[in-house]
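A look at the structure
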Amino acid sequence: MSSLSLGDLAQSFMLQRRGADLKAEMSRLNAELTSGQVSDVKAVLAGNVSYLTDIENDLNT
């Protein structure tokens, strides 16, 4: 079994990048929670727009 190790500088950079990604994700989720609206509807629906169409049809009737 081969092992892959990272150098100190690479590991520091990886942890710093992951921390920045987590901070951005927390900010996005906090904005969604306070507004009550999803920021990326396409990602949530994953291409299945039947849910959205059903809601629109219900609102129209």
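Placed above this text is the structure.
To keep things clear, this report deals only with the structure shown in the data block. (Residues numbered from 1 in each chain as written. Predicted model: local features only at pLDDT ≥ 70, side-chain atom pairs only at ≥ 80, totals over all residues. Heavy atoms only, no water.)

Before going further, it helps to spend a moment on the overall build of the protein chain. Secondary structure summary: the protein chain contains 3 helices and 0 strands in total. Each helix and strand of the protein chain, ordered N terminal to C terminal, gives the series α-α-α. Over its C-alpha trace the protein chain gives a radius of gyration of 20 Å, far above what one expects of a compact globule, namely 10 Å for 61 residues. Referenced to the eigenvectors of the C-alpha coordinate spread, the extents of the protein chain come out at roughly 60 × 30 × 10 Å. Across the 61 residues of the protein chain, 3% fall into the buried class. Carbon and sulfur atoms make up 58% of the accessible area of the protein chain, which amounts to about 5,800 Å² in all. Between the centroid of the 5 positive side chains of the protein chain and the centroid of its 8 negative side chains there is a distance of 10 Å. (Helix = DSSP H or I, 4+ residues; strand = E, 2+ residues; numbered from the N terminus. Rg over C-alpha atoms; globule rule 2.2 N^0.38 Å. Buried < 20%, exposed > 50% of the residue type's maximum accessible area, 1.4 Å probe, protein only. Areas by Shrake-Rupley, 256 points an atom, 1.4 Å probe, with all protein chains shown as cover. Lys, Arg positive; Asp, Glu negative; His and termini not counted. Charge placed at Lys NZ, Arg CZ, Asp CG, Glu CD.)

With 28 residues, helix α1 (residues 8-35) should reach 40 Å at 1.5 Å per residue; the first-to-last C-alpha distance of 41 Å fits that figure. Following α1 by one or two positions, Gly36 adopts a phi angle in the positive range, close to 80°. (Expected span 1.5 Å × (residues − 1).)

Within this structure, the stated rule accounts for 1 salt bridge. For the salt bridge of Arg28 with Glu32, the shortest nitrogen-to-oxygen distance reads 2.8 Å. With Arg28 and Glu32 both in helix α1, this residue pair falls 4 residues apart, about one helical turn. Residue classification places Glu32 among the buried residues on the basis of a relative accessible area of 17%. (Salt bridge = Lys/Arg side-chain N within 4 Å of Asp/Glu carboxyl O.)

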